[in-house]
Amino acid sequence: RRGTPARRRSPAGRTTPAGSTRAGAVRLAAQEVEDEQPGAVIEVVAVGDAPLDRNADAMVRAAREAMRNAVRHAGSPVRVFVEVEDGVREMFVRDTGPGFDLDAVADERRGVRDAIIGRMEHVGGTAVIESGAGGTEIALRFDAEGGVA
């Protein structure tokens, strides 16, 4: 099936490309990261869904970078939770690796700062990183209007 876009059934029964919704785009991003990193396992759970717009696309791209970092530095499995409810859009990328201190990451290493935090700030959202010995969680969030809820 490689090369054939995934499709999903919309609530109205129409078939739409899987990447045209927030949850579908996250699933495709997870598959891309798994394809890049042999042996990687990324589990995606979605509650609700919404069409993919500019802000959601930025959120998916930030989540993809978080997934890449998690697989690279913490290993598998990585868990991604997508929530679209009551006007709030959230994604959480979690791993159980050793954690890291963002302040200890060299300034020239811009992946987290630019591709995750900066990308979310650019669309009026937030990226909050909680990391410790039990793993890392990156929470991405904006409200339905694109700003911080």
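See the structure shown above.
Fair warning: this is a prediction, and the values are worked out from it, not measured in the lab. (Residues numbered from 1 in each chain as written. Predicted model: local features only at pLDDT ≥ 70, side-chain atom pairs only at ≥ 80, totals over all residues. Heavy atoms only, no water.)

Undergrad: Mind laying out the pattern of salt bridges, listing which residues take part and the relevant values?
TA: Considering all chains together, one arrives at 8 salt bridges under this definition. One salt bridge in this structure joins Glu65 and Arg68, with 4.0 Å as the shortest N-O distance. With Glu65 and Arg68 both in helix α2 (residues 54-74) and 3 residues apart, the pair spans about one turn of that helix. Relative accessible area serves as the criterion here: at 15%, Glu65 is assigned to the buried category. We classify Arg68 as partly exposed; its relative accessible area is 22%. Between Glu90 and Arg141 there is a salt bridge whose closest N-O contact spans 3.4 Å. Taken together, the residues Glu90 in strand β5 (residues 88-95) and Arg141 in strand β7 (residues 135-143) connect sequence positions 51 residues apart. Among the charged side chains, a network of salt bridges with common partners joins Glu36, Glu65 and Arg68. (Salt bridge = Lys/Arg side-chain N within 4 Å of Asp/Glu carboxyl O. Helix = DSSP H or I, 4+ residues; strand = E, 2+ residues; numbered from the N terminus. Buried < 20%, exposed > 50% of the residue type's maximum accessible area, 1.4 Å probe, protein only.)

Undergrad: For the packing of helix α1 (residues 22-36) against α2, give the residues involved together with the corresponding values.
TA: Where α1 contacts α2, the two axes come as close as 9 Å, and the packing angle between them is 30°. For the element pair α1 / α2, the angle class is roughly parallel. In terms of crossing hand, the pair formed by α1 and α2 is right-handed. Listed contacts from α2 to Arg22, Ala25, Val26, Ala29, Ala30, Glu32, Val33 and Glu36 of α1 are Ala56, Val60, Arg64, Met67, Arg68 and Val71. (Axes fitted to C-alpha atoms, helices over the stretch in contact; angles between N-to-C directions. Parallel < 35°, antiparallel > 145°, perpendicular 65-115°, else oblique. Left-handed = near helix turned anticlockwise from the far one by under 90°. Contact = heavy atoms within 4.5 Å.)

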